[in-house]
Amino acid sequence: MLIVDLASDKKGIDSPWTLREEGGGIAIPGFLPGNNIADLLAAGLIQNPYYKGNEHAAWKISKKDWAYSRSFILSPQAIDAANLDLVLSGIDTLAEIRINNTIVANTDNAFRVWRFPIKKYVSAGLNTISITLRSPLALAGEQGFCAIRKPAYHFESSFMPPICPAGLSSYIRIESYDARIADIKIKQIHSHQTKNVELEIEASFSSGLSGQLKPECFIEDPNGFKQNVLLVNKDNAHKHYLYRLNITNPELWWCRDMGAQPLYTVSVELQDSTDTVIESIQKKIGLRSIEVDTSPVEGGANFGFIINGLPLFVKGAVWFPLDSPAEAIDTACEANLNMLRVSGSTFYESDAFYDLCDEKGLLVWQDFPFTASKAGWVYPFGDCNFLNTVEEEVKYNLLRLQHHPSLVIWCGNNELENAVYRKTDAEFFYRVLSSWVNKYDGTHFYWPGSPSSGIMPLRKGACVKSNSFLFGDTHIQKLRRSAIPRFCSDFSIKPAAKLYQVEAFEKAMLNVRSLTINNKRICNGIIFFSLKDYLASSPLFYRAREFNKNSYISIEKTRKQCSLYLINDTQHAYSGKLKICIRDFSGNLIFEDKARISSAAHSSELLYTLDYKNALIDKDKRSLFLSAILSDEKNNTKERTTALVRDLFAKYVRPDLRFHCKETGKDQISITVSSDTFARAVCIESVYIEKLSNNYFNIKPGESMTVQAKVSTDIESLEKSIRLSSFGSPKARKRLLLAWLSYTFFLPPLAKKPKMHHNKDKIKTF
């Protein structure tokens, strides 16, 4: 296969493309992949659309038509091939494509690859191409983004201003070939009894293969051993070849907090009569089984993920497009998250995004790009042309992504069942889209929407509505004292940017995570809205690294007692020793106790209850703090320290915080902070610090904490710029009062049983 790449130079210094306004005088260098907004900004013709009110100017640009054009050269060898195709990935959105001034194609969907034969329109030598991008706003009209297959956040969004660019998000090229590999579909059949995995690899080709062309299939294990995969069925007329391989003692792929992520490489090669490879496609796969447990439970139905036969508690975040996806994924891993949910208001994520998640062990919940509109816009599912373009979009993305081990669920939409939901919507998401997933994928679980009970809405009203706390997944904007969800796919109680707000948010998260009935966990996972709040070394990031750990001590405080719970999300039982110490803020010991404890795998269990009346006698608990130390059989320890009352009411003493710095490497400095009294939520700040290994930590009296810092200056300048703070200041107490008023009344108690559904006997399943 011969490929002519029409994309701009990756260095971005110059571009063969020219961007012009249709009917206007603007003509500037254009870059593809890219879009008109970015090119106009680079040329200095518009202000930054993400600053202040500049999005209004960008919106006016979206009301116009724009054209990208360039020339390209084709060799006689390219022209002589049997097929010559123009291939565009992510053309956004309404494009009219001309080659040598002749219209060759039109596009209307930004979520797929378009392929057009162009052999009759080109010649050897110099040719020209022009891509006219029509205004998406003109077509959208009264139906908004629902009328056009373009990311919804371009029209309205809760995370960025509405900006409606036009351009290309991926690649543009010309392919010259006699035959090509169309796609590869991989199916895994797991046997947990024999611990074997059977692979079925179906390769599809653009045409029937002649005697001079032959396909070969190989697999390479994580250790580099490569072998042929046996061909078991050849359907040359229908262009399909089926290969099968049985893998004994496979290296299983796990999500990041449960095990390793070994990857196998599946290769399909197309060879000519001399065994020369003319095309090759490689896909990295992880051998793992994923199930979603929706079995009946008391009063409703469960919703939880099972990986390789073991239950998983999901700790995730909603993913939105970010400037640096690789950095954001690393941050998600550092925050001990194990799942990202790609929202239906964006798009199908890229191969590069999924490759990173495969390597890091991050699971992905992928919404299809359908979402509710604040303006009440509805999708035209009754339009056959609309359904046809959506089916092509779904087919392409299912085949493109189905091999990734990180992908665990296809979800029909985001919040549509909570908004305008018609008979055609229910028919599409519960029947049509479900059948497409089964046809083109057949290996992943499909869920009709988020939130959804999984039960098809009836015309006169469903007996189990979406967003039920007892069925399916739930979106939470405000916690109710008597309701804990089976699975929270959008936890929208914002932690904001201040630690005193994050502390209340943490309590809400832990309460949902630790609630059980009859020693069985009620909630199977929480996906927080959104990953952006974890970035930029925010207080939430540092706290989440702790409370998202697989094993964590949760402390519930009331006026009369203090209860310690061990949240154990590991697959192993825990046993060890618990040491409880209560000291005053100066460090004097008030109370001490020890206990042997144990905890089952994947559970939340009460370890210890401290009665203030018996333990403290006449001491003022507002001036005391608790230290809980857990040590296992191998002497590995974990510790939690906290005041015995809410921060708002604690009589914190302003600590005498001191620090010293030590150079540990290039741009690396260790900072050791000490305190004479109990220091709550010590924060290190400096304009020269790029990243800290820890922050917002507690320091016990007379002790110190050492953190590592990545800095952009020398040690002397750093020492002069460092500022230390804690909760001991009067200003912090005022802020705590505001946080307490905002959050306290919406936190659920730890041990209250949720109410049962009053219509449970009338449930009708689809």
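Definitions and cut-offs
Residues numbered from 1 in each chain as written. Predicted model: local features only at pLDDT ≥ 70, side-chain atom pairs only at ≥ 80, totals over all residues. Heavy atoms only, no water. Phe/Tyr/Trp six-rings, centres within 6.5 Å; stacked < 30°, edge-to-face > 60°. Helix = DSSP H or I, 4+ residues; strand = E, 2+ residues; numbered from the N terminus. Buried < 20%, exposed > 50% of the residue type's maximum accessible area, 1.4 Å probe, protein only. Lys NZ or Arg CZ within 6 Å of the ring centre and 35° of its normal. Salt bridge = Lys/Arg side-chain N within 4 Å of Asp/Glu carboxyl O. Polar contact = N/O pair within 3.5 Å; in protein donor to acceptor, adjacent residues only side chain to side chain. Contact = heavy atoms within 4.5 Å. Expected span 1.5 Å × (residues − 1). Bend = angle between axes of the 7 residues up to and from the residue. Pairing = 2+ DSSP bridges. Axes fitted to C-alpha atoms, helices over the stretch in contact; angles between N-to-C directions.

(A) Structural context of the packing of aromatic side chains. Taken as a whole and assessed by the stated rule, the structure comprises 38 aromatic pairs. Geometrically, the ring pair formed by Phe 368 and Trp 410 is stacked, given 5.1 Å between the ring centres and 25 degrees between the ring planes. On the criterion of sequence distance, the pair formed by Phe 368 in the loop between strand 29 (363–367) and helix 7 (384–401) and Trp 410 in strand 30 (residues 407–411) is long-range, its members being 42 residues apart. A residue is classified by how much of its surface remains accessible, and Trp 410, at 0% relative accessible area, is buried. Ring centres of Phe 381 and Phe 428 lie 4.2 Å apart, and the angle between their planes is 15 degrees; this geometry places the pair in the stacked category. Linking Phe 381 in the loop between strand 29 and helix 7 with Phe 428 in helix 8 (residues 423–440), this pair joins segments that are 47 residues apart in sequence. Here Phe 381 falls in the buried class, since its relative accessible area comes to 5%. An aromatic cluster of at least three residues, connected via ring pairs, comprises Trp 59, Phe 145, Phe 155, Phe 370, Trp 377, Tyr 379, Phe 381, Phe 386, Phe 428, Phe 429 and Trp 436. Over the face of the ring belonging to Trp 114 we find Arg 112, whose NZ or CZ atom lies 3.7 Å from the ring centre. In this structure, Arg 149 packs its charged tip against the face of Phe 370, placed 4.2 Å from the ring centre.

(B) A look at the pattern of salt bridges. Tallying each qualifying case throughout the model produces 30 salt bridges. Among the salt bridges present, the one from Lys 579 reaches Glu 592, with a minimum N-O distance of 3.4 Å. Of this pair, Lys 579 sits in strand 39 (residues 574–584) while Glu 592 sits in strand 40 (residues 589–599), placing them 13 residues apart in sequence. Overall, the relative accessible area of 30% leaves Lys 579 in the partly exposed class.

(C) Representation of the side chain of Glu 417 within the structure. Mapped onto the secondary structure, Glu 417 falls in the loop between strand 30 and helix 8. A polar contact is formed between the side chain of Glu 417 and the side chain of Tyr 430, at a distance of 2.9 Å. There is a polar contact of 3.1 Å between the side chain of Glu 417 and the side chain of Ser 452. With sequence-adjacent residues up to four places away left out, Glu 417 is seen in contact with Tyr 430, Pro 451, Ser 452, Pro 457 and Ser 466.

(D) Quick look at helix 8. With 18 residues, helix 8 extends 25 Å between its outermost C-alpha atoms, agreeing within 8% with the 26 Å of an ideal straight helix rising 1.5 Å per residue. The sharpest bend along helix 8 comes to roughly 35 degrees, located at Phe 429. Those residues of helix 8 that sit buried are Asp 425, Ala 426, Phe 428, Phe 429, Tyr 430, Leu 433, Trp 436, Val 437 and Tyr 440. Contact partners of the buried residues in helix 8: strand 14 (181–191), helix 7, strand 30 and strand 31 (445–447).

(E) Seen up close, the environment of Ala 372. Topologically, Ala 372 is positioned in the loop between strand 29 and helix 7. Residues Ala 372 and Ser 345 lie 27 residues apart in sequence; the distance between their C-alpha atoms is 8.3 Å.

(F) Inspection of the sheet that holds strand 32 (residues 474–476) at higher detail. Strand order in the open sheet formed by eight strands is 31-30-29-28-27-36-33-32, and the pairing between neighbours is parallel. The open sheet has two free edges, formed respectively by strand 31 and strand 32, since each of these has just one partner strand. Strand-to-strand twist across the sheet, computed as the mean angle between neighbouring axes with direction ignored, equals 25 degrees. Relative to strand 36 (residues 525–528), strand 33 (residues 488–491) runs parallel, the two being bridged by two bridges. What sits directly across from Cys 488, in strand 36, is Ile 526.

So yeah, pure geometry; function would need other evidence.
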